[in-house]
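Observations on the model geometry
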Amino acid sequence: MWCPKCKAEYRDGITICADCGCPLVKELPVEIDSAPAENKAKILSQIDSHENLHALSDGTKAYVEMETKYEDMKSTAYSFILVGAAGIILMLFMFVGIIPLQFAAYMKSIMGVVMGILFLIFLVIGIRSYTQLGSLKLQVKKEAEEREAAKTWFFENFHANTVDESLGMTPEEPLQQKYFKRSGFMKQKLSQQFPSYTDAFLDYLTEQFYEELFPQD
C-alpha cells in the first residue's frame, strides 16, 4: 500500500497514512514528465538563425562532399606511405649498422620483427588508399556534374517568391515553420526531378539552394 501524498509505503492491512492521514492506495499514479516537451518548445522559441533551424531538422547524417573525401584519402595515403617507407628504411639502417643499437642480438631480432610488421602495415594501408584515389576523383567529377544539373534545373523553375506562393506562405508565420515547409517542398521537387540521387545528397542540395534563395534567413 502507498500514500498518494508523501509516497510512503505500508504493509497490507494498513489503510491510513500515519504521517499525512490520507487514505492509502494500492498503486501510485503514473506521473508524466513534461520536461522534454517544455525543453523542446523552449528550444524552438529561441531559434533565430538558419544554422539552428538546420540543426533541428530530420537528424539525418550530414552529407560529406566527394572533394572532401578525396582530400582526406589523399592525405591518408601520403602520410601512411611516408611513415611506412621511412620506418622500413630506418630499420634497415639499424640492422646494417649505419645506426648503431646498444641491444642484445635477440632484442634486435624481436624489435626488428615487431617494428618491421608495423611499418609494413602502414605501407600497405598507404598504397591501398592511394589506389582508391582514381575512383574517388571520378566520383568528385560526377558529383560536380550532378550538382550543377540540379542547380540549373531548380533555379530555372523556382525562385523565392514562387516557393512561398506554392506553399501559401504568409509573412506572419514563424521562421522555423517557414524553414521546414520550404525545405520539404524543395527536396520533394528535387527528388521528383532526380530520382536517382541519394537522400543524403538531396538534403545537401536542398540546404545549398535554400541558402541562395533565402539568404536573409
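1. Describing the overall build of the protein
Looking only at helices and strands, one finds eight helices and zero strands in the protein. Counting helices and strands in the order they occur from the N terminus, the protein gives α-α-α-α-α-α-α-α. For the protein, buried positions account for 25% of its 217 residues. Counted over contacts in the protein with a minimum sequence separation of 6, partners at least 24 positions apart contribute 62%. Surface summary for the protein: the accessible area is close to 14600 Å², and the carbon and sulfur share equals 60%.

2. Observations regarding the nonpolar core
Judged by nonpolar contacts, the single largest core of 19 residues is most densely connected at Ala150, Phe154, Met186, Leu190, Tyr197, Leu205 and Phe209. Every element with two or more residues in this core is listed here: α5 (133-157), α7 (175-193) and α8 (199-213). Residue contributions to this core peak at seven residues, all from α8. Sequence-distant contacts of leucine 205, that is, excluding residues within four places in its chain, are made with Arg147, Ala150, Leu190 and Tyr197. Among the nonpolar cores identified, the runner-up in size contains five residues, and Met66, Tyr70, Leu133 and Leu136 belong to it.

3. Re α5
Between its terminal C-alpha atoms α5 stretches 36 Å, which fits the 36 Å expected from 25 residues at 1.5 Å a residue. Buried residues of α5: Leu133, Leu136, Val140, Glu143, Ala150, Trp153 and Phe154, and no others.

4. Some thoughts on the packing of aromatic side chains
Two measures describe an aromatic ring pair: the distance that separates the ring centres and the angle between the ring planes. Counted by the stated rule, this structure contains 18 aromatic pairs. Measuring from centroid to centroid gives 5.6 Å for phenylalanine 154 and phenylalanine 155, while their planes differ by 80°, and the two rings are edge-to-face. Among the residues examined, phenylalanine 154 registers a relative accessible area of 0% and is labelled buried. A network of ring pairs unites the aromatic residues Tyr63, Trp153, Phe154, Phe155, Phe158, Phe185, Phe194, Tyr197, Phe201, Tyr204 and Phe209 as a single cluster.

5. Let's talk about the layout of surface pockets
Space inside the second largest pocket adds up to approximately 290 Å³. Tyr63, Met66, Glu143, Thr198 and Phe201 are, among the 15 residues lining the second largest pocket, the residues nearest its centre. Elements with a minimum of two residues in the lining of the second largest pocket: α3 (66-95), α5 and α8. Ranked by the residues each element gives to the lining of the second largest pocket, the list is headed by α5, at four residues. Here the residues of the lining of the second largest pocket sort into seven nonpolar, three polar and five charged.

6. Concerning the pattern of salt bridges
For the structure on display, the rule yields seven salt bridges. Close ionic contact of glutamate 143 with arginine 147 constitutes a salt bridge, the shortest N to O distance being 3.5 Å. Of this pair, glutamate 143 and arginine 147 both sit in helix α5, four residues apart, which is roughly one turn of that helix. Note on glutamate 143: relative accessible area 4%, which makes it buried. The exposure class assigned to arginine 147 is partly exposed, which follows from its relative accessible area of 27%. Put simply, Lys187, Asp199 and Asp203 are held in one network by salt bridges that share partners.

7. With respect to the environment of cysteine 20
Residue position: cysteine 20 is located in the segment before α1 (35-45). Separated by 15 residues in the primary sequence, cysteine 20 and lysine 5 place their C-alpha atoms 7.2 Å from one another. Discounting chain neighbours no more than four positions away, the residues touching cysteine 20 are Cys3, Lys5 and Cys6.

8. Some words on the confidence of the model for the protein
In the predicted model, the protein carries a mean pLDDT of 81, and 78% of its residues have values of at least 70. The secondary-structure element of the protein with the lowest mean pLDDT is helix α2 (residues 50-55), recorded at 48, while α5 shows the highest, at 95. In the predicted structure, residues 46-53 sits below a pLDDT of 50 and forms 16 contacts with residues beyond four places in sequence or in another chain. When the criterion is pLDDT under 50, residues 55-60 qualifies, and its contacts beyond four places in sequence or with other chains add up to nine contacts.

Parameters and conventions
- Residues numbered from 1 in each chain as written.
- Predicted model: local features only at pLDDT ≥ 70, side-chain atom pairs only at ≥ 80, totals over all residues.
- Heavy atoms only, no water.
- Helix = DSSP H or I, 4+ residues; strand = E, 2+ residues; numbered from the N terminus.
- Buried < 20%, exposed > 50% of the residue type's maximum accessible area, 1.4 Å probe, protein only.
- Contact = heavy atoms within 4.5 Å.
- Areas by Shrake-Rupley, 256 points an atom, 1.4 Å probe, with all protein chains shown as cover.
- Core = buried A, V, L, I, M, F, W, Y, C linked by side-chain atoms within 4.5 Å.
- Expected span 1.5 Å × (residues − 1).
- Phe/Tyr/Trp six-rings, centres within 6.5 Å; stacked < 30°, edge-to-face > 60°.
- 1 Å grid on protein atoms, 1.4 Å probe; cavity = no way out; pocket = protein on both sides within 12 Å on 5 of 7 lines; lining within 4 Å.
- Points joined across faces, edges and corners; volume = space filled by probe spheres on them.
- Nonpolar A, V, L, I, M, F, W, Y, C, P; charged D, E, K, R; others polar.
- Salt bridge = Lys/Arg side-chain N within 4 Å of Asp/Glu carboxyl O.
- pLDDT = per-residue confidence, 0-100.

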